[in-house]
Amino acid sequence: MTSLRRASAGAVALLAMIMFSLHVSQIDLARLVAGIPKITDFLSALTPPLRLSTLWTDMAEWYWGWAKWLQLLWTTLNMALFGTAIGTLLGGLLSFVASRNLGTPAPVVFTVRRILEIARTVPDLVWALVFLFAFGLGPLAGVLAIAIHTLGAQGKLFAEANENIDKHPIEGVRSCGGSWFDEIAIGVVPQVLPNYVSYALWRFEINVRSATIIGFVGAGGIGMELYDSLSLNYYDDAGAILLIVLVTVMLIDLVSEWTRSRIAGTAAAKH
Amino acid sequence: MADTTASDWVEEDRRSARLLAAITRPAGTRLRNAAAWFFGFLILGYAAWISDILSGKLLAGLPKLAGALAMMLVPAGFEHLPEFLWALAETVAMAFLGTLLGATLALPLALLCARTTLPIRVLQFGFRRISDTLRGLDHLIWALVFVRAIGLGPLAGIFAIALVDIGTLSKLYAEAIDNAKKGAVEGVRASGGTWLDSFSLGILPQVLPNMLSVTLYMWESNTRSATILGIVGAGGIGYQLADRLRVYEFGQASLIIILIIGTVYLIDMLSSTLRARLIGMQGSKH
């Protein structure tokens, strides 16, 4: 009886939420359904006619701009790489003063944690818009936006990893007269390093995706070209770039997943 | 300590040299590590150069950045609050409808991606690749494409969220289905149930709490994503935010960001309360 009542209360809440959402977004079912064929038409417009008999020349024609696109993709990947590296490095350093168990005064821990929170809660695209004002169009704004967002995310994850360590090595270093830096370098880092590497790779995957879209606002990379080609109605080009992005993202995911599972494997084997 | 002789000191010295040799790495490893660090820095330096970090632009822009951040410390534009709140409601609605649509369509695809419900390997492989492709591209890319296809407004955002969700949720649902205990399925089959019966009676009751829980989690995550979809014109608060930032109204942008963070926080709390209840219900059943 109670489960029935609970289920009907859930159904009423769901229905109310649906009605509210449809009202706010000014959408009815007819518009929703009418949108679907428009999308399928558009998606098919993104690919030029490819005939099997002339597939090679058709593809070559479709990818006429491959040299430029690959160069932009290269920039995008480098943005992701540098943003991940610098964000992870700074986030890692800040994580030691954001951990409660490493002797940092509580007010400092609190402040650093709030800073990390702001850095990761504001989406990287919004950071990019702020940086565009300061640094102008181009990859610099994008890479800084990725770095700031990464710093916030890694700082939090690393601090959590730091707080879950075995504290005996720290006590050991301290009892031998080691400084705070020795405690971190010898007592903490070796314990959490596999975690750090795994998080960094995972973040790189995320940042490759971010780097492809950060160009939409003018912050460099292949996203800028995709945005422009859609704005200028060069649908074939947009389709070609979308395919490049999709393949790249999938490849990076595969490689990173494989590497992470190997790291997890060696870390598990050690224990 | 008085009877310490010179030979004792020498002996001590030898011992510590042996100890040092035992704890330091051999020369070959040290060389390899040094080479790895060197190439690592080389690659990073190259990436920095490509990303325009090393040009003078970084230093030249810092004062402007400091000015912008200082302006963001003082939220402004409270007279636009009704407009901002309406746009936020649109964002929440977009995330909700997108998740609902995505979850509804993900269920049939999940049945085609799971080993338990579709034992034909080749077909299952094909459907899994479809699922991979859908979640391969970011919400914002789909939103940009859909804005061109169906025009500005929340509908493009709803479709973008739904499409990525079909990919993500079909994968998660399929995993839940494959992890369900097979005994119940066999029981339904043995008593003469159809394929549909074996799913709805044998699998669904086992996996429903888990599926609802991951769907709520996606709702939470989609609310975050939906806040920026407006930047490309797909409805919601992102449009206002990008608009204010493009005309350098940093105070107003700051107010919008605070509103976004508050909303995301509320949805997170709601969703995690609901998920905790679901898990509680599941726990009490066992």
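Residues numbered from 1 in each chain as written. Chains lettered and ligands numbered in written order. Predicted model: local features only at pLDDT ≥ 70, side-chain atom pairs only at ≥ 80, totals over all residues. Heavy atoms only, no water.

### Structural notes on empty space enclosed by the protein
Residue and element names in this part refer to chain A.
Phase 1: Enumeration according to the criterion identifies one cavity of 30 Å³ or more in this entry.
Phase 2: Roughly 40 Å³ of volume is contained in the largest cavity.
Phase 3: Residue lining of the largest cavity: N101, L102, I170, R174, W180, E183, I184 and V188, and that is the complete set.
Phase 4: Per-element accounting of the lining of the largest cavity gives the leading share, four residues, to helix α9 (residues 180-214).
Phase 5: Looking at the lining of the largest cavity residue by residue, the classes come out as five nonpolar, one polar and two charged. (1 Å grid on protein atoms, 1.4 Å probe; cavity = no way out; pocket = protein on both sides within 12 Å on 5 of 7 lines; lining within 4 Å. Points joined across faces, edges and corners; volume = space filled by probe spheres on them. Helix = DSSP H or I, 4+ residues; strand = E, 2+ residues; numbered from the N terminus. Nonpolar A, V, L, I, M, F, W, Y, C, P; charged D, E, K, R; others polar.)

### Concerning the interface of chain A and chain B
Phase 1: Taken together, the contacts link 58 residues of chain A with 59 residues of chain B.
Phase 2: Applying the counting criterion to the chain A and chain B interface returns zero salt bridges.
Phase 3: Applying the counting criterion to the chain A and chain B interface returns five residue pairs in polar contact (both at pLDDT 80 or more).
Phase 4: For the side of chain A that touches chain B, the per-class residue count stands at 45 nonpolar, nine polar and four charged. (Contact = heavy atoms within 4.5 Å. Salt bridge = Lys/Arg side-chain N within 4 Å of Asp/Glu carboxyl O. Polar contact = N/O pair within 3.5 Å; in protein donor to acceptor, adjacent residues only side chain to side chain.)

### What to know about the domain arrangement of chain A
Phase 1: Partitioning chain A into domains gives domain 1 (1-34) and domain 2 (65-270).
Phase 2: Of note, the centres of domain 1 of chain A and domain 2 of chain A, computed from C-alpha atoms alone, are 38 Å apart. (Domains from an automatic or database assignment.)

### Section: the nonpolar core
Where a protein is soluble and globular, its nonpolar side chains tend to be buried together.
Phase 1: Among the nonpolar cores identified, the biggest contains 129 residues, and L226 of chain A together with F146 of chain B are the most heavily contacted of them.
Phase 2: If we ignore the near neighbours within four places in the chain, the residues touching F146 of chain B are I39 of chain A together with G151, A156, F159, A160 and L163 of chain B.
Phase 3: Membership of the second largest hydrophobic core comes to eleven residues, among which are L102, A161, I184 and V192 of chain A. (Core = buried A, V, L, I, M, F, W, Y, C linked by side-chain atoms within 4.5 Å. Buried < 20%, exposed > 50% of the residue type's maximum accessible area, 1.4 Å probe, protein only.)

### Examining the domain arrangement of chain B
Phase 1: Along its sequence, chain B is organised into domain 1 (7-49) and domain 2 (83-285).
Phase 2: Just the C-alpha atoms count here: the centres of domain 1 of chain B and domain 2 of chain B sit 50 Å apart.

### Examining the pattern of salt bridges
Phase 1: Summed over all chains, the structure comprises 19 salt bridges over all chains.
Phase 2: A salt bridge links R244 of chain B to E83 of chain B; its shortest N-O distance comes to 3.9 Å. Of this pair, R244 of chain B sits in helix α10 (residues 237-246) while E83 of chain B sits in helix α4 (residues 81-113), and the two are 161 residues apart along the sequence.
Phase 3: A relative accessible area of 10% means that R244 of chain B is categorised as buried.
Phase 4: One salt bridge in this structure joins D178 of chain B and R115 of chain B, with 4.0 Å as the shortest N-O distance. Here D178 of chain B is found in helix α7 (residues 154-179), whereas its partner R115 of chain B is found in the loop between α4 and α5 (121-136), with 63 residues between them in sequence.
Phase 5: Sharing partners across several salt bridges, the network here consists of R100, R113 and E163 of chain A.

### A look at a nonpolar patch on the surface
Residue and element names in this part refer to chain A.
Phase 1: Residues L243, V247, L251, L254 and V255 make up a contiguous nonpolar surface patch of roughly 460 Å² in combined accessible area.
Phase 2: Considering the arrangement of structural elements, one finds L254 in helix α11 (residues 235-270).
Phase 3: For L254, a relative accessible area of 58% gives the class exposed. (Patch = residues over 30% accessible without salt bridge, like charges linked within 9 Å, V, L, I, M, F, W, Y side chains within 5 Å. Areas by Shrake-Rupley, 256 points an atom, 1.4 Å probe, with all protein chains shown as cover.)

### A few points about unusual backbone geometry
Phase 1: The phi angle at Q26 of chain A is positive, at roughly 50°, despite the residue not being glycine.
Phase 2: For Q26 of chain A, a relative accessible area of 58% gives the class exposed.
Phase 3: Positive phi outside glycine occurs at Y248 of chain B, with the angle close to 60°.
Phase 4: For Y248 of chain B, a relative accessible area of 44% puts it in the partly exposed group.

### A word on the packing of helix α4 (residues 66-97) of chain A against helix α7 (residues 139-163) of chain A
All names here are of chain A.
Phase 1: The interhelical angle for the contact between α4 and α7, taken along N-to-C directions, is 40°, at an axis separation of 6 Å. When the axis of α4 is compared with that of α7, the two are oblique. Seen from above, α4 lies across α7 with right-handed handedness.
Phase 2: Of the residues that constitute the contact of α4 with α7, the class distribution is 13 nonpolar, 13 polar and no charged. (Axes fitted to C-alpha atoms, helices over the stretch in contact; angles between N-to-C directions. Parallel < 35°, antiparallel > 145°, perpendicular 65-115°, else oblique. Left-handed = near helix turned anticlockwise from the far one by under 90°.)

### A look at the packing of helix α6 (residues 124-135) of chain A against α7 of chain A
Residue and element names in this part refer to chain A.
Phase 1: Packing of α6 against α7 leaves a shortest axis separation of 8 Å and a crossing angle of 135°. Viewed along their axes, α6 and α7 adopt a mutual orientation that is oblique. As for how α6 packs across α7, the hand of that crossing is right-handed. Across from D124, W127, A128, F131, L132 and F135 in α6, the residues of α7 making contact are L140, A141, L144, A145, I148 and H149.
Phase 2: Residues that form the contact of α6 with α7 fall into these classes: ten nonpolar, one polar and one charged.

### Quick notes on α7 of chain A
Phase 1: End to end, α7 of chain A covers 35 Å across 25 residues, agreeing with the expected 36 Å (1.5 Å per residue, within 8%).
Phase 2: Burial runs high along α7 of chain A: 21 of the 25 residues are buried. (Expected span 1.5 Å × (residues − 1).)

### Digging into the packing of aromatic side chains
Residue and element names in this part refer to chain A.
Phase 1: In the structure shown here, the tally under the stated rule is 20 aromatic pairs over all chains.
Phase 2: Taking 5.9 Å as the distance between ring centres and 15° as the angle between the ring planes, the aromatic pair formed by W127 and F131 counts as stacked. Of the two residues, W127 and F131 are both situated in helix α6; the distance of four residues between them amounts to about one turn of the helix.
Phase 3: Given a relative accessible area of 12%, W127 falls into the buried group. (Phe/Tyr/Trp six-rings, centres within 6.5 Å; stacked < 30°, edge-to-face > 60°.)

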